[in-house]
Amino acid sequence: MNPSHVLEASQILNEKIGQKASIGIILGSGLGTFADHLENKKVIPYSEIPHFPTSSVSGHKGQFVFGTVNRVPVYVLQGRVHYYEGHSLEEVTFAVRVLKQLGTKTLIVTNAAGSINRSYKPGDLMLIKDHINLLGTNPLRGKNWEEWGPRFPDLSQAYDENLRKKAKAAAKKIKITLREGVYVAVSGPSYETPAEVKMLKALGADAVGMSTVPEVIVANHQGMKVCGISCLTNYAAHTGAHKLGHEEVLRTTQKVSEKFGLFLKTFVITIS
Ligand code: HPA
């Protein structure tokens, strides 16, 4: 990754926004409506930001949004790019580098995921307590820019404990169930076979998805505090009568979008 590209992108965003936030939020598949309800919004399409990669997946709008939640300023990425689209992990994590350059200290990463733990149902929200990287690669592969972070960053507390406590408190406040578990990242884009889900379960995963882990690695590399939330949209490799597809994932995120939005809003206010 070229540091000057990160600088160029952040300079343009600073000019267009003219205000600062210390919280950044990445919205996963179908979870973008949270950004629509922000106050004092400034919306910048990714295509207007130099070097910013754009997504081809439905359910991902592709715009950078600045706004406030109860007067708390936030940067929101409405849509992300994925490894399975053919992007390099440098491209996948470019936005996180830019968020850091803009001054973001806390990153909230969200995603849609398949439930492996059968007591966690579609429609449940799951706080990520740890992850397993099965992408077969790492976003930090290649030259390390020492000014960004160490060559060998520690990931023993990749998901900040204090933020997790606050996420649980926010869920309690609005009386919703917040599950907690391990997220495993696979490359996709095909969904898992039943044998793979059995393997992932044996490895200790509660949910499976195709994103998040690269962003979390890069955020940790740069010393940001991270909180991860999965919206469980389906049982992984379910054995139902119909085939699993992206439509089902989007349908579930639509159903939970109100609960998810209220949770995120309450959480942002709790940590501000
Ligand atoms: N597997 C992988 N990624 C996903 C799933 C799934 O079942 N659901 C939503 N994203």
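Residues numbered from 1 in each chain as written. Predicted model: local features only at pLDDT ≥ 70, side-chain atom pairs only at ≥ 80, totals over all residues. Heavy atoms only, no water.

*Asks:* Explain the overall build of the chain residue by residue, including any values.
*Replies:* Assigned secondary structure in the chain consists of 8 helices and 9 strands. When its C-alpha atoms are laid out on the principal axes, the chain stretches across 50 × 40 × 35 Å. Taken over 272 residues, the chain has a buried fraction of 55%. Contacts in the chain between residues at least 24 apart in sequence constitute 82% of all its contacts with a sequence separation of at least 6. Within the structure as shown, the chain displays about 12100 Å² of accessible surface, and the carbon and sulfur contribution to it stands at 50%. Of the charged side chains in the chain, 32 are positive and 23 negative, and the gap between their average positions amounts to 7 Å. (Helix = DSSP H or I, 4+ residues; strand = E, 2+ residues; numbered from the N terminus. Buried < 20%, exposed > 50% of the residue type's maximum accessible area, 1.4 Å probe, protein only. Contact = heavy atoms within 4.5 Å. Areas by Shrake-Rupley, 256 points an atom, 1.4 Å probe, with all protein chains shown as cover. Lys, Arg positive; Asp, Glu negative; His and termini not counted. Charge placed at Lys NZ, Arg CZ, Asp CG, Glu CD.)

*Asks:* Explain the site of the ligand to me, using residue names and the numbers behind them.
*Replies:* Taken together, the neighbourhood of the ligand is formed by 13 residues, with Ala112, Gly114, Glu192, Gly209 and Asn234 sitting nearest. Between Asn234 and the ligand, the recorded distance is 2.8 Å, taken from a side-chain N or O atom to a nitrogen atom. Protein contacts shield 95% of the accessible area of the ligand, which totals 260 Å² for the unbound molecule. For the shell around the ligand, the secondary-structure elements that each account for two or more residues are β5 (106-115), β8 (207-209) and β9 (225-235). No other element matches β5, which puts 3 residues into the shell around the ligand. Looking at the shell around the ligand, its residues break down into 8 nonpolar, 4 polar and 1 charged. (Near = heavy atom within 4 Å. Polar contact = N/O pair within 3.5 Å; in protein donor to acceptor, adjacent residues only side chain to side chain. Nonpolar A, V, L, I, M, F, W, Y, C, P; charged D, E, K, R; others polar.)

*Asks:* Could you give me a rundown of the pattern of salt bridges, with the residues and numbers involved?
*Replies:* Evaluated as defined, the whole model comprises 5 salt bridges. Here Lys16 and Glu48 are joined by a salt bridge, their closest N and O atoms 3.6 Å apart. Taken as a pair, Lys16 in helix α1 (residues 3-17) and Glu48 in the loop between β2 (39-45) and β3 (63-69) lie far apart in primary sequence, 32 residues in all. One salt-bridge network, held together by shared partners, links Arg164, Lys168 and Glu180. (Salt bridge = Lys/Arg side-chain N within 4 Å of Asp/Glu carboxyl O.)

*Asks:* How would you summarise the pairing of β3 if you had to cite specific residues and measurements?
*Replies:* Summarising burial for β3: 7 of the 7 residues are buried, a large majority. Burial along β3 is two-sided: Gln63, Val65, Gly67 and Val69 and Phe64, Phe66 and Thr68, pointing in opposite directions, are all buried. Sheet topology note: the β3/strand β4 (residues 72-78) ladder contains 7 bridges and is antiparallel. Considered in β4, the bridge of Val69 is made with Val72. Remark: 2 residues form the turn of the hairpin made by β3 and β4, two consecutive strands paired antiparallel; Asn70 in that turn has positive phi of roughly 50°. (Pairing = 2+ DSSP bridges.)

*Asks:* Provide a residue-level description of the state of the cysteines, including the pertinent values.
*Replies:* Here the structure, examined in full by the defined rule, presents 0 disulfides. In this structure Cys227 is a free cysteine whose sulfur lies 15 Å from that of Cys231, the closest cysteine sulfur available. (Disulfide = S-S within 2.5 Å.)

*Asks:* Describe the nonpolar core, listing the residues and the values that go with them.
*Replies:* If you look at the biggest cluster of nonpolar residues, it comprises 46 residues, and the most contacted ones within it are Phe52 and Phe64. In terms of residues, this core owes the most to one element, helix α4 (residues 94-102), which gives 6 residues. The next biggest cluster of nonpolar side chains, apart from the first, holds 31 residues, and it includes Leu27, Phe34, Leu127 and Ala167. (Core = buried A, V, L, I, M, F, W, Y, C linked by side-chain atoms within 4.5 Å.)

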